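Structural overview for review
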Amino acid sequence: MRRLKIVEALREALEQSMAVDPKVFLVGEDVRIGGGFAVSRGLVERFGEHRVLDTPISEIAFSGLAIGAAMSGMRPVVEFQFGDFVFCAMDQIVNQAAKLHYMSAGQVDVPVTFRLPVGANRRGAQHAQCTESLFLNVAGLRILTPATPYDAKGLLIAAIADPNPVLFYEHKLLYPFAGSEILKSLDREVPAEPYTLPFGQAVVRREGRDLTVVATMLMLHRVLAAAEILAREGIELEVIDPRTIAPLDRETICASVGRTGRLLVVEECPEQGGWGNEIIASVAEKQGGSVKLRRLGTAPTPIPYTTSLENWVVPDTGRIVEACRAMLKNGGPG
Amino acid sequence: MPQFGETSEEEISIRCWLKSPGEEVAAGEALLEIETDKATLTVEAAESGRLARIEKPAGEVVKPGVVIGYLEA
Amino acid sequence: MYRLMVRIRSFEHKVTQLFLKGLVPGTIHLSQGQEAVAAGAVSCLRKSDRVLLTHRPHGQALAKGLEPKRLLAEILGRAEGCCRGKGGSMHLADLEHGIMPTMPIVGAGIPIAAGVAFAFRESGSDAVVMGFFGDGATNIGAFHEAMNLAALWKLPVVYVCENNLYAVSTSIRDSTLVPELAERARVYGMPAASVDGNDVEMVYAAADEAVGRARRGEGPSFLECKTYRFSGHSRTDPGTYRCAEEIEEWKGRDPLPRCRAAILSRGYLDEQGCRSLEAEEERIVEAAAAFAMASPQPEGSRALDDVFAEG
């Protein structure tokens, strides 16, 4: 089976998109040597300096430049070296990219893809955040959160081809992930040819009758590990990977909760205002008081640096297992 | 009363009329002084004419859209 | 160019009238007094060149070719406005005439203009981009980042700064130790000039030189145009932070009579010709107002259109 690590799948997606469409270019800090996480390694050698551009440290300038170029027929892919740096360019993303098509009554498109490496990995609070929740509340943005190499490649190619602004999330700890003997549902061949995946289409990673668990990126991997443990106790989780949180596949999730009667959302961001709320609220509206609902996110703190603290803050497999058991035990939030 | 405040609900005080009924006023000429939450402003006449009648005298507080006077062209 | 300035002045006057009649949903940022910058700078451009404008865009938009009736309908928030009522006075767009969506977030358009210029350059086009902003924008981060990047990458963009001495109520003296704004661009390695923004010929000459430089691939330029707005920042701002003497002094440098005098003295038009031009522009603006007032408000559910482009 052709297995690629996520970092390789992303690189292949970029390479194939750039080969097919001369309007695609990469821009960001140090993208010529590969960017923050080697994703763009080798691309300048193949496509030249006009298509792989290193910038000074100026998130506003290069985000804005990408938006201007996108409105003028190009397809920029912007890398924020760490997803936390997106906050330096918030105006460009939220006030400009997300709104220009709308305000102009469709006279311009903004086909820009912003790539954001995210997730806690021992660097401390300003290099650790998962930032997707904040953007969920902005109309006009696509937000993609793949957890597997197959999804990463297909969604990135689709993102670049999409005429709308896209925030494409890449979990730092998942870059080396190429498939798993244990978590078989994440294991899938990555086709060599280019392909796209649809937005707003969740995947049921594991079927189960007892509790629906929704998670993305690294949390999805931990939920699946928890599912293995719980299966040995006779608890069957139904695990759903939304893959994209904007647009969000509410139907698949609601249908699942309709069968299990219980929903747990696990997210790598503080529960308050996290994207999990959107799923909880959507299900609650549809299914009302008959279902049990719970969120599990990071502690309400910035992400601390040292290992023991970081592990305490971010949900691990053990804590996910406990949360699931609690939901099954007394039928409500543990 | 035009919308000089931040919202269509923000009430505006009429401080004083700078013309009396019967007086002629030219387009662009100062007609009355008003006060919003933010500032005191001079409102000019939109068109030339004779100030026929003042509906809301000085001291009145009104919302945008309310008729405050009549200008006869 | 005089025709353009007359059109802009009449237009802004008409907008004022309509505002006083309660027909404008929001506020408006008028540009009386600044017409020479719009007319002079934009007149150097081709239809295929692009402009990036701000919250005070009426003058440049009209100069670039946006039809007065479409602009006025948009200001009144009607369905036949250039953005179908979705954008309003501050968020105009008319791609057919090279008017990119205008951006009232101060400074936001400066890097975006660089991006449009980048796209032109990469496509082999010799089109240029002209980005407008005010003195206040020279303090925000986006300005500094974009000046640096545009100069570094030698992008075909001309940045025109309308220095009208105030950002809402804050005087330039209270905003920077470097009120000679051309200096703030030179420091990034960008050629910069400073001109009397109320002399339409000077503005044209300086802008034309900068546009030529960009078109030949020699990179960006910065043009500071010293000017003044006769009105407050917006319609809810009485502008009382400025003293009457200063306002009167600048009214004495009104770009329209100066240009008119030059036209008469050089014999381009006679008095009759000037009056005829002015009357014609009045009629155009009146017709625009009639069109705009007759245009309906868009249907509420149209608010759902255009959130996303169809792929």
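In this report, the structure presented in the accompanying data block is examined. None of these values were measured; they are calculated from a predicted model.

Scanning chain B for helices and strands turns up 0 helices and 7 strands. Ordering the α and β elements of chain B from the N terminus gives β-β-β-β-β-β-β. Seen along its three principal axes, the alpha-carbon backbone of chain B occupies a region of about 30 × 20 × 20 Å. Counting across all 73 residues of chain B, residues that qualify as buried make up 19%.

Once that is clear, we can look at the overall build of chain C. Of the regular secondary structure elements, chain C holds 11 helices and 7 strands. Projected onto its principal axes, the C-alpha coordinates of chain C cover approximately 55 × 50 × 40 Å. Per-residue burial for chain C yields a buried fraction of 55% across its 311 residues. Excluding contacts between residues fewer than 6 apart, the proportion of contacts in chain C whose partners are at least 24 apart in sequence is 74%.

Because the α-helix completes a turn every 3.6 residues, residues three or four places apart line up on one side. All names here are of chain C. With 12 residues, helix 10 (residues 255–266) should cover 16 Å at 1.5 Å per step; its first-to-last C-alpha distance of 17 Å lies within 8% of that length. Close packing links the buried residues of helix 10 with helix 1 (2–20), helix 2 (35–42) and helix 8 (200–215). Backbone geometry just downstream of helix 10 places glycine 267 in the positive-phi region, at approximately 75°.

Our focus in this paragraph is the arrangement of the chains. Most contacts, when the 2 pairs of chains in contact are compared, are made between chains A and C. Taking C-alpha atoms only, the smallest gap left between chain A and chain B, which are not in contact, amounts to 21 Å.

Attention now moves to helix 1 of chain C. Residues and elements named next belong to chain C. Here helix 1 spans 27 Å end to end across 19 residues, near enough to the 27 Å set by a 1.5 Å rise per residue. Among the 19 residues in helix 1, 16 count as buried, and that is most of the element. Positioned one or two residues after helix 1, glycine 22 has a phi angle of 75°, which is positive.

Here the focus is the pairing of strand 3 (residues 157–163) of chain C. Residues and elements named next belong to chain C. Within strand 3, 7 of the 7 residues are buried, which leaves it mostly tucked inside the rest of the structure. Residues Val157, Tyr159, Cys161 and Asn163 line one face of strand 3 and the alternating positions Val158, Val160 and Glu162 line the opposite face, and both faces are buried. As paired elements, strand 2 (residues 129–134) and strand 3 share 6 bridges and run parallel to each other. Bridging across to strand 3, valine 129 finds its partner in valine 157. With helix 6 (residues 141–152) bridging strand 2 and the parallel strand 3, this β-α-β connection has right-handed handedness. As paired strands, strand 3 and strand 7 (residues 221–226) are joined by 6 bridges and run parallel to one another. Within strand 7, the position partnered with glutamate 162 by the bridge is cysteine 225.

To continue, consider the nonpolar core. Within the largest apolar cluster, 215 residues are counted, with the highest numbers of intra-cluster contacts made by Val223(A), Cys324(A), Met5(C), Val157(C), Val158(C) and Val160(C). The greatest single-element share of this core, amounting to 10 residues, is contributed by helix 1 of chain C. The residue makeup of this core includes at least three contributed by each of domain 1 (6–186) and domain 2 (203–329) of chain A. When near neighbours in sequence (up to four residues on either side) are disregarded, Val223(A) contacts Val213(A), Ala215(A), Val239(A), Val266(A) and Ile320(A). If you look at the next biggest cluster of nonpolar residues, it comprises 5 residues, including Ala120(A), Ile303(A), Val313(A) and Val314(A).

Pairing between sheet strands relies on hydrogen bonds along the backbone, with the strands arranged either parallel or antiparallel. Residue and element names in this part refer to chain A. The sheet built from 5 strands is open, its strands ordered 7-9-8-11-12 with mixed pairing. Looking at the sheet topology across the chains shown, the edges are occupied by strand 7 (203–206) and strand 12 (292–298). Pairwise comparison of adjacent strand axes, ignoring direction, gives a mean angle of 25° for this sheet. Across 6 bridges, strand 11 (residues 262–270) lies against strand 12 in parallel orientation. Within strand 12, the position partnered with leucine 264 by the bridge is arginine 294.

Below, the discussion takes up the packing of helix 9 (residues 250–260) of chain A against helix 10 (residues 276–287) of chain A. Residue and element names in this part refer to chain A. Packing of helix 9 against helix 10 leaves a shortest axis separation of 10 Å and a crossing angle of 60°. Comparing their axes, helix 10 and helix 9 come out oblique. For helix 9 against helix 10, the interelement crossing comes out right-handed. Contacts from Arg250, Ile253, Cys254, Val257 and Gly258 of helix 9 reach helix 10 at Ile279, Ser282, Val283, Lys286 and Gln287. Considering only residue class, the contact of helix 9 with helix 10 consists of 5 nonpolar, 3 polar and 2 charged.

Attention shifts here to the interface of chain A and chain C. It is common to give the size of an interface as the accessible area lost on bringing the parts into contact. Listed as interface residues are 36 residues of chain A and, on the opposing side, 34 residues of chain C. For the side of chain A that touches chain C, the secondary structure elements donating two or more residues are helix 3 (59–71), helix 4 (90–97) and helix 5 (100–103) of chain A. Looking at the side of chain A that touches chain C residue by residue, the class counts come to 17 nonpolar, 16 polar and 3 charged.

Of note, the amide linkage connecting Ala246(A) to Pro247(A) takes the cis form, showing an omega dihedral of 0°. Note that Pro247(A) resides in the loop between strand 10 (244–246) and helix 9. Of note, Arg243(A) is a non-glycine position whose phi angle comes to about 65°, a positive value. Assignment of secondary structure puts Arg243(A) in the loop between strand 9 (237–241) and strand 10. Judged by local crowding, Arg243(A) falls into the buried class, with 26 C-beta atoms found within 10 Å. The backbone phi angle of Leu165(C) is positive, close to 75°, even though this residue is not glycine. Note that Leu165(C) resides in the loop between strand 3 and strand 4 (166–167). On the basis of neighbour counts, which here come to 19 C-beta atoms within 10 Å, the residue Leu165(C) falls in the partly exposed class.

Before going further, it helps to examine the sheet that holds strand 7 (residues 69–72) of chain B. Residues and elements named next belong to chain B. If you trace the 3 strands from one edge of the open sheet to the other, you get 2-5-7, paired in antiparallel fashion. Sheet topology places strand 2 (24–25) and strand 7 at the edges, where each strand pairs with a single neighbour. Relative to strand 7, strand 5 (residues 49–54) runs antiparallel, the two being bridged by 4 bridges. Within strand 7, the position partnered with leucine 51 by the bridge is leucine 71.

This paragraph deals with the pairing of strand 4 (residues 40–44) of chain B. Residue and element names in this part refer to chain B. On strand 4, burial follows the alternation: Leu41 and Val43 on one face are buried, whereas Thr40, Thr42 and Glu44 on the facing-out side are not. Pairing of strand 3 (residues 30–35) with strand 4, which is carried by 5 bridges, proceeds in the antiparallel orientation. Within strand 4, the position partnered with glutamate 35 by the bridge is threonine 40. Joining the antiparallel neighbours strand 3 and strand 4 is a turn of 4 residues.

Below, the discussion takes up the packing of helix 1 of chain C against helix 10 of chain C. Residue and element names in this part refer to chain C. Two numbers describe how helix 1 lies on helix 10: the axes approach to 10 Å, and their chain directions differ by 150°. Classified by the angle between their axes, helix 1 and helix 10 sit roughly antiparallel to one another. Like other packed secondary-structure pairs, helix 1 and helix 10 cross with a definite hand, here left-handed. Across the interface between the two elements, Tyr2, Met5, Val6 and Arg9 from helix 1 touch Pro255, Leu256, Cys259, Arg260 and Ile263 from helix 10. For the contact of helix 1 with helix 10, a count of residues per class yields 7 nonpolar, no polar and 2 charged.

Thresholds applied
For every chain, the first residue of its written sequence is number 1, and the numbers climb from 1 along that sequence. Here every chain gets a letter starting at A, and every ligand a number starting at 1, in the order they are written. Local features in a predicted model are, by the rule used here, given only for residues with pLDDT of at least 70; side-chain atom pairs are given and counted only at 80 or more, and totals for whole chains, interfaces and linings are based on all residues. Comment: elements are numbered from the N terminus, with helices defined as DSSP H or I runs of at least four residues and strands as E runs of at least two. Exposure in this text rests on C-beta crowding, where 20 or more other C-beta atoms within 10 Å of a residue's own make it buried, 12 or fewer make it exposed, and counts in between make it partly exposed. The C-beta atoms are placed from the backbone. It is the C-beta atoms, placed from the backbone, that decide contacts: two residues are in contact if theirs lie within 7 Å. Multiplying 1.5 Å by the residue count of a helix minus one yields the expected span of that helix. A pair of strands is labelled paired if DSSP reports no fewer than 2 bridges between them. Handedness rule for crossovers: strands pointing away from the viewer, path from the first strand over the helix to the second running clockwise, crossover right-handed. Core membership is restricted to buried Ala, Val, Leu, Ile, Met, Phe, Trp, Tyr and Cys residues, and these are joined into a nonpolar core through C-beta atoms within 7 Å. Marked domain ranges trace back to an automatic or database domain assignment. To get an axis, a line is fitted to the C-alpha atoms, and for a helix only the part in contact is used. The angle between two axes follows their N-to-C directions and goes from 0 to 180 degrees. Throughout this description, any angle smaller than 35 degrees is read as roughly parallel, any larger than 145 degrees as roughly antiparallel, any in the 65 to 115 degree range as roughly perpendicular, and the remainder as oblique. Helix crossings are classified by the rotation of the near helix relative to the far one: an anticlockwise turn of less than a right angle makes the crossing left-handed, while a clockwise turn makes it right-handed. Residues were grouped as follows: Ala, Val, Leu, Ile, Met, Phe, Trp, Tyr, Cys and Pro as nonpolar; Asp, Glu, Lys and Arg as charged; and all remaining residues, including Gly, as polar.

Any link to function would need more than the numbers given here.
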